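Secondary and tertiary structure notes
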Amino acid sequence: MKTYADIPEENAQLETSKVMLVTVPYDGTSTWGKGADKGPELFLDASENMELYDIETSTEPYLEGVFLAGEITEKSSPEAMTAAVYNKTKELLNHDGKLFTLFGGEHSVSIGSIRAVGEKYENLTVLQLDAHTDLRPEFHGSTSNHACAVYEASQKHNLVQVGIRSMDIEEMEYVNKEQCFWAHQIANNENWINDVLEKVSGNVYITIDLDAFDPSIAPSTGTPEPGGLQWYPTLELLRKVFEKCNVVAFDIVELMDSPMPKPTAFLAAKLYYKMLAYYHISKN
């Protein structure tokens, strides 16, 4: 039996696991760097080579159980992929008391999962860590393009964007400037984490595009942008979000295969595991 991070099978059963993990190796609409379809494989391989004791929280998050809930392979069209992710997410959300997590794939994979989570949970905040706004209503003839990843969320939910430093001017009309934390402003604001926390409340879906991080620490993404987030401040933000709010789901996307993918893959693996640690201590 294949398990997340090669954990014992007893910690990987659906019935007893507090976390469910879906992978979506999709890269159908990316427009520059290709290889995000290899992201889940790289992430799972890195996870198997990671120490499972978290020093910061003095916990072993895997003991709470992580169930590999399957791989979504639909790729006939962006819309079909979105529907498949939506249906799988909706099915898994029937298991109350478990955290839904997803690893992509390009950022378009988040559209279906956010849609399903938003139907289950009222007053949803979507916290997006990203280099790009991803607010186009449609792109290249599709509403399920990676450039449209959070447009629907912006119309239906409380969208908070962090780390943004690249966009098309047409997207500006969809940006809520009170809810968007630009990277250049974060760089000069020592209080930015508290400012973000003021906008995030209630039920929360966290979506993290790895290009939110500075490419000096996460180079293997489809569209790396200079001036990104750093590791420890980002962890501080995430830990405080888990402490303050009811995080009901999260995803991590845009890990790309490259000639040297391991540093970014390992960052992604550690990031996912840290978020599990923060989730569990917030519940205990």
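Per-chain numbering applies: the sequence of each chain, read as written, is numbered from 1 onward. Predicted model: local features are reported for residues with pLDDT of at least 70 only, side-chain atom pairs are reported and counted for 80 or more only, and whole-chain, interface and lining totals are derived from all residues. Excluded from the side-chain calculation are hydrogens and water; included are all heavy atoms of the structure.

Looking at an unreviewed UniProt entry, one finds the protein chain named Agmatinase, with Chryseobacterium gotjawalense as its source organism.

1. Concerning the overall build of the protein chain
For clarity, the threshold we go by: Here a helix means four or more residues in a row that DSSP labels H or I, a strand means two or more in a row labelled E, and each is numbered from the N terminus. Restricting the calculation to C-alpha atoms gives the radius of gyration, and the globule rule supplies 2.2 Å times the number of residues raised to the power 0.38. Only protein chains enter the accessibility calculation, which uses a 1.4 Å probe; a residue whose area is less than 20% of its type maximum is buried, one above 50% is exposed, and one in between is partly exposed. Contact definition: two residues touch when any of their heavy atoms are within 4.5 Å. With residues, only the protein chains shown are counted as cover, and all accessible areas are computed by Shrake-Rupley using a 1.4 Å probe. In this tally, Asp and Glu contribute negative charge and Lys and Arg positive charge; neither His nor the terminal groups of the chain are included. Taken as the charge centre is NZ of Lys, CZ of Arg, CG of Asp or CD of Glu, depending on the residue.
Looking only at helices and strands, the protein chain features eight helices and eight strands. Computed over the C-alpha atoms, the radius of gyration of the protein chain is 17 Å, within 12% of the 19 Å expected from 2.2 N^0.38 for a compact globule of 284 residues. The buried share of the protein chain, reckoned over its 284 residues, is 57%. Within the protein chain, residue pairs in contact and separated by at least 24 positions form 77% of the contacts whose partners lie at least 6 positions apart. Here the protein chain displays about 11,900 Å² of accessible surface, and carbon together with sulfur accounts for 48% of that area. Looking at the protein chain, you have 22 positive and 43 negative side-chain charges, and the mean spots of the two groups are 3 Å apart.

2. Details of the nonpolar core
Soluble globular proteins tend to bury their nonpolar side chains together. To be explicit about the condition: Residues grouped as a nonpolar core are buried Ala, Val, Leu, Ile, Met, Phe, Trp, Tyr and Cys residues, joined through side-chain atoms within 4.5 Å.
In this structure, Tyr 4, Phe 43, Leu 127, Val 162, Ile 206, Leu 271 and Tyr 272 are the most contacted members of the largest nonpolar core, which totals 57 residues. Here this core gets eleven residues from one element, more than from any other, and that element is helix α8 (residues 262-283). If we skip the residues at most four places from it in the chain, Tyr 272 touches Tyr 4, Val 19, Leu 21, Phe 43, Val 66, Thr 101, Phe 250 and Ile 252. With 33 residues, the next largest nonpolar core counts Met 81, Val 109, Ile 114 and Trp 182 among its residues.

3. Some thoughts on helix α3 (residues 110-120)
α3 sits mainly inside the fold: eight of its eleven residues count as buried. Of the surrounding secondary structure, the elements contacted by the buried residues of α3 are α2 (78-92), β3 (99-104), β4 (124-129), α4 (151-156), β7 (203-209) and β8 (246-253).

4. Details of the pattern of salt bridges
Where charged atoms from two side chains of opposite charge approach closely, those side chains can pair. Heads up, the condition is: In what follows, salt bridge is the name for a side-chain nitrogen of Lys or Arg lying within 4 Å of a carboxyl oxygen of Asp or Glu.
Evaluation of the coordinates by the stated rule reveals 15 salt bridges. Here Lys 2 ties to Glu 48 by a salt bridge, and the two come within 2.5 Å at their closest N and O atoms. Of this pair, Lys 2 sits in the segment before β1 (19-24) while Glu 48 sits in helix α1 (residues 39-48), placing them 46 residues apart in sequence. On the accessibility criterion, Lys 2 (52% relative accessible area) is exposed. On the basis of relative accessible area, Glu 48 is assigned to the partly exposed category, the value being 32%. Close ionic contact of Arg 239 with Glu 243 constitutes a salt bridge, the shortest N to O distance being 3.4 Å. A residue pair is termed a helical-turn pair when its members lie 3 or 4 positions apart in one helix, as Arg 239 and Glu 243 do in helix α7 (residues 231-244) at four residues. Owing to a relative accessible area of 23%, Arg 239 belongs among the partly exposed residues under this scheme. The exposed category is assigned to Glu 243, whose relative accessible area is 52%. Each of Asp 54, Glu 56, Arg 239, Glu 243 and Lys 274 takes part in a single network of salt bridges with overlapping partners.

5. Some thoughts on the side chain of Thr 89
Applicable threshold: Counted as a polar contact is a pair of N or O atoms within 3.5 Å, where, for protein atoms, one must be capable of donating a hydrogen and the other of accepting one, and residues adjacent in sequence contribute only when both atoms are in side chains.
Counting through the fold element by element, Thr 89 comes out in helix α2. A distance of 2.7 Å separates a polar atom in the side chain of Thr 89 from the backbone oxygen of Val 85. Thr 89 has contacts with Phe 100, Ser 113, Ala 116 and Val 117, leaving out every residue within four places of it along the chain.

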